[in-house]
Each structure stands twice: as structure tokens, then as C-alpha cells.
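# Coordinates in review
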Amino acid sequence: MTNTTSSLPQFSPVIVGTMRFGSWGAQMDRPTLEKLVDACVDLGLYDFDLADIYGDYTEEAHLGEVLKGRKDLVQRLRLTTKCGIKMLADNRPSHRIKSYDSTGKHILQSVDQSLQDLGVEQIEILLLHRPDYLMDPHEVSEVFTRLQEAGKVKFFGVSNFSTSQFSLLNSLFPLVTNQVELSLLQAQALDDGTLDQCFQLGIQPTVWSPFGGGALFGETDDPRLQKIKSTAESIGERHQATIDQVLLAWIFKHPSRIVPIVGSTKISRIASALKATEIQLTHEEWYELLEAAKGHEVA
Ligand code: NAP
């Protein structure tokens, strides 16, 4: 199924990832988080990426504490959240083992919980977090339709789906993105058809861990990381850009109009990421970075 332009979401150039805001990372208190959200909005960054499981099922409520007192923010933010992974957690005593669940019952329950925790009436985009071998695409399509008709969710997508898994669900319900991992450390999406499929369908891929979860920064004695960093640094000198900006410019250059989800908890780094949209790498620079990451010639 191909989406028409009017039925596609708008994305800011970068999406703000929330996975490290709370107990899985920076443990921001409410005022600090509110300040960060406000600063992102001031930069024009309205898209925030969440998941039910972040912070062991606490991150949505963490952001919700800010949103509940700030209806102005609720109106401006576009919240993506995910469901479908069942983790072991104290606040989910019914989960006996870690597993996947994309049954209608689980999706409906999860969305209601997310809306309640976030204190909002509508989620912009709901993603199935990971493929579930037992997914019944007819059941998922029916539940997506119900959620859309009820106004609880505006758009739907998937995350970490193979191209065939994506095609299967997309043949029954129009999906708006496949959120996959992409960085110079994990570039499988270039070859496995994910980006081509999104391009062909006219939807934007969204990508997580664009900096390899932070592995591409800091001191390292790993020769591959050193080579990527030194290559990014010398390309950066040509463009008056920092390493993080070069790494994102490498993602932006792909013609499929990728939207990276940056995971920093610091506004200066999020702002720096946004500036990467101004950098135009040459074809040769793009391949120079790929060569550094692969450790051999790529053409
Ligand atoms: P990332 O942007 O690759 O890594 C962020 C980490 O890099 C943070 O710990 C950050 O620390 C660190 N960092 C160090 N120097 C930095 C610099 N100069 N600029 C930016 N960051 C720097 O991404 P990620 O956090 O792994 O993932 C991003 C988002 O993707 C998550 O928040 C989540 O929303 C989403 N995600 C989705 C999936 C999925 O399966 N769909 C999986 C993982 C993540 P500081 O905070 O100190 O800056």
C-alpha cells in the first residue's frame, strides 16, 4: 500500500530520542527535563521518540510529568511511541519471560497505558517495536484501524522489520516508517533493502543510534573507531564541522531522506546535530567514510 502525501507525518530534520532521559541514562529531574524539552521546541524540534519499555516502563510517565502541566507543549510535540516488546520488570509482574506480543489485545492495552502515562489524547506515530514471529497481520491491521478511528493514534509504522515483514503488514495497512539502526558502525540498512523500500514507497526511514550509541566518541584504542573518527575529523575540517555533524551529514546524504533519532541528553549536542543538515558531503567524502568503517575499499 502506498501512502498519499497528505497521509504522511511531518518530521523535523532530527528526532529527539528519549531513551536515555530517565532511569536508563541521565535520570533528569522534572525541571531539567522540562528545560530540555522547551529548548528542543525552541530549535523547531517537535518530534520525540519514546517506547513503552524505556526506563523499564517509566519513561513515558517521566515525560508525562512535564506534559501534564504544559498543554502548550502537548499541542506542539509529535510523539512517537512503540509497543510489542514484553520485558521483565517489577511494574509488569505478569511478564514471565522476555517476549514479543503484537496481538490486538496487547497493542490496545499498551496504547491506553501510553496515553495515560504521557497525559495526551493522541499519539502521533505508533510503531511495532520489533518483529513478532507470531504476528497476525490481519489482526494488527484491524487494531490499527480501530485506534486511528478512535483518534488515539494518527499514524502507524514498524521498527527493526525486514523488508518482507514490512511488505506483509504494509499490504494491509499503510505504514509511515521503518525505524532501523544505521550508523557507520552498523550500516546493514544500506544493503538489506530497507532504505530502498522506503524510498520506493515514498516514506521516510527513521534511524536509531546514528552515533553508534555514543561509541563513535571519546577515547578508544579500537583501530576501526580510530579510523572512522580521524576520517570524520579531516572531512570536518574541510566543512568547518564537528565529528558528530559529519557522521549525521553522512546519513543525510542518502537519497531516501533519512531522519536520524539523536540520543543525546544535552541540548548543545542536539543543537549541533541539527546544524548537520547544512553540510553537503561530496560523493567521494561519503565513500571515504564508508571505506573507513568497512576497513577496505568499497568500489
Ligand atoms: P546515539 O545518538 O547514537 O547515542 C547517544 C549517546 O551518545 C548518548 O549517550 C550521548 O551522551 C552520547 N554522545 C557522546 N558524545 C556525543 C555527541 N558529541 N553528540 C551526541 N551524542 C553524544 O543514539 P542512541 O541513544 O543509541 O539512540 C537514539 C534514540 O533511538 C533513542 O533515544 C531511542 O529513542 C531510539 N532507539 C530505538 C531503538 C529501536 O529498536 N527502535 C533502539 C535504540 C534506540 P550524552 O547524553 O552525554 O550527550
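Above: the structure in question.
To start, this report covers the structure provided alongside it.

### Notes on the overall build of the chain
Counting its secondary structure elements, the chain contains 12 helices and 10 strands. The C-alpha radius of gyration computed for the chain amounts to 19 Å, which stays within 12% of the reference 19 Å derived for 299 residues, consistent with globular compactness. For the chain, the spread of C-alpha atoms along the three principal axes comes to 50 × 45 × 40 Å. For the chain, the proportion of its 299 residues judged to be buried stands at 52%. For the chain, contacts bridging at least 24 residues in sequence account for 76% of all contacts bridging at least 6. Accessible area for the chain stands at about 14100 Å²; split by element, carbon and sulfur atoms hold 49% of it. Separation between the mean location of the 28 positive side-chain charges and that of the 39 negative ones in the chain comes to 3 Å.

### Quick word on the environment of Glu59
Residue position: Glu59 is located in helix α3 (residues 59-67). Apart from the residues within four sequence positions on either side, Glu59 is in contact with Thr18, Phe21, Gly22, Ser23, Leu50 and Tyr54. A polar side-chain atom of Glu59 sits 3.0 Å from the main-chain amide nitrogen of Gly22.

### Some thoughts on the packing of helix α9 (residues 223-239) against helix α10 (residues 243-252)
Two numbers describe how α9 lies on α10: the axes approach to 8 Å, and their chain directions differ by 95 degrees. By the angle between their axes, α9 is roughly perpendicular relative to α10. Only Ile243, Val246 and Leu247 of α10 make contact with α9, whose side of the interface consists of Ile228, Lys229, Ala232, Glu233, Ile235 and Gly236. Within the contact of α9 with α10, the residues separate by chemical class into six nonpolar, one polar and two charged.

### Observations regarding the packing of aromatic side chains
One pass over the full model with this rule turns up seven aromatic pairs. Considering the side-chain rings of Phe144 and Phe156, the 4.2 Å spacing of their centres and the 20 degrees angle between planes classify their relative orientation as stacked. Of this pair, Phe144 sits in helix α6 (residues 137-149) while Phe156 sits in strand β7 (residues 153-159), and the two are 12 residues apart along the sequence. With respect to class, Phe144 is no different from Phe156; both count as buried.

### Section: the pairing of strand β3 (residues 78-83)
The two faces of the sheet receive side chains in turn, since in a regular strand these alternate between them. Here β3 lies mainly inside the structure; six of its six residues are buried. Residues of β3 alternate between two faces, with Arg78, Thr80 and Lys82 on one and Leu79, Thr81 and Cys83 on the opposite face, all of them buried. Both strand β2 (residues 47-49) and β3 contribute to a ladder of three bridges, which runs parallel. Residue Phe48 lies in a different strand from β3, and its bridge partner there is Leu79. Note that β3 and strand β6 (residues 123-128) share four bridges and pair parallel. If you follow Cys83 over to β6, its bridge partner there is Leu128.

### Description of the sheet that holds β6
Taken in spatial order, the eight strands line up as β1-β2-β3-β6-β7-β8-β9-β10 and close into a barrel, and their pairing is parallel. Sheet twist, expressed as the mean angle between neighbouring strand axes with direction ignored, is 30 degrees.

### Some words on the nonpolar core
Among the nonpolar cores identified, the biggest contains 77 residues, and Leu79, Ile107, Leu126, Leu128, Phe144, Leu182 and Trp250 are the most heavily contacted of them. The element that contributes the greatest number of residues to this core is α10, accounting for seven residues. If we skip the residues at most four places from it in the chain, Phe144 touches Ile107, Leu126, Leu128, Phe156, Leu169, Phe173 and Leu175. Among the nonpolar cores identified, the runner-up in size contains eight residues, and Phe11, Ile15, Ile125 and Leu127 belong to it.

### Here we look at α6
Between the first and last C-alpha of α6 there are 18 Å, a value that for 13 residues agrees with the 18 Å anticipated at 1.5 Å per step. Within α6 the residues assigned to the buried category are Pro137, Val140, Ser141, Val143, Phe144 and Leu147. An end-on view of α6 places all buried positions within 165 degrees of arc, on one side of the element. Among the exposed residues of α6, those oriented more than 90 degrees off its buried face are Glu142, Arg146 and Glu149. At its buried positions, α6 is contacted by α5 (104-118), β6, β7 and α7 (163-170).

Conventions adopted
Residues numbered from 1 in each chain as written. Predicted model: local features only at pLDDT ≥ 70, side-chain atom pairs only at ≥ 80, totals over all residues. Heavy atoms only, no water. Helix = DSSP H or I, 4+ residues; strand = E, 2+ residues; numbered from the N terminus. Rg over C-alpha atoms; globule rule 2.2 N^0.38 Å. Buried < 20%, exposed > 50% of the residue type's maximum accessible area, 1.4 Å probe, protein only. Contact = heavy atoms within 4.5 Å. Areas by Shrake-Rupley, 256 points an atom, 1.4 Å probe, with all protein chains shown as cover. Lys, Arg positive; Asp, Glu negative; His and termini not counted. Charge placed at Lys NZ, Arg CZ, Asp CG, Glu CD. Polar contact = N/O pair within 3.5 Å; in protein donor to acceptor, adjacent residues only side chain to side chain. Axes fitted to C-alpha atoms, helices over the stretch in contact; angles between N-to-C directions. Parallel < 35°, antiparallel > 145°, perpendicular 65-115°, else oblique. Nonpolar A, V, L, I, M, F, W, Y, C, P; charged D, E, K, R; others polar. Phe/Tyr/Trp six-rings, centres within 6.5 Å; stacked < 30°, edge-to-face > 60°. Pairing = 2+ DSSP bridges. Core = buried A, V, L, I, M, F, W, Y, C linked by side-chain atoms within 4.5 Å. Expected span 1.5 Å × (residues − 1). Arc of directions from axis to C-beta.

Purely geometric stuff here, so don't read any function into it on its own.
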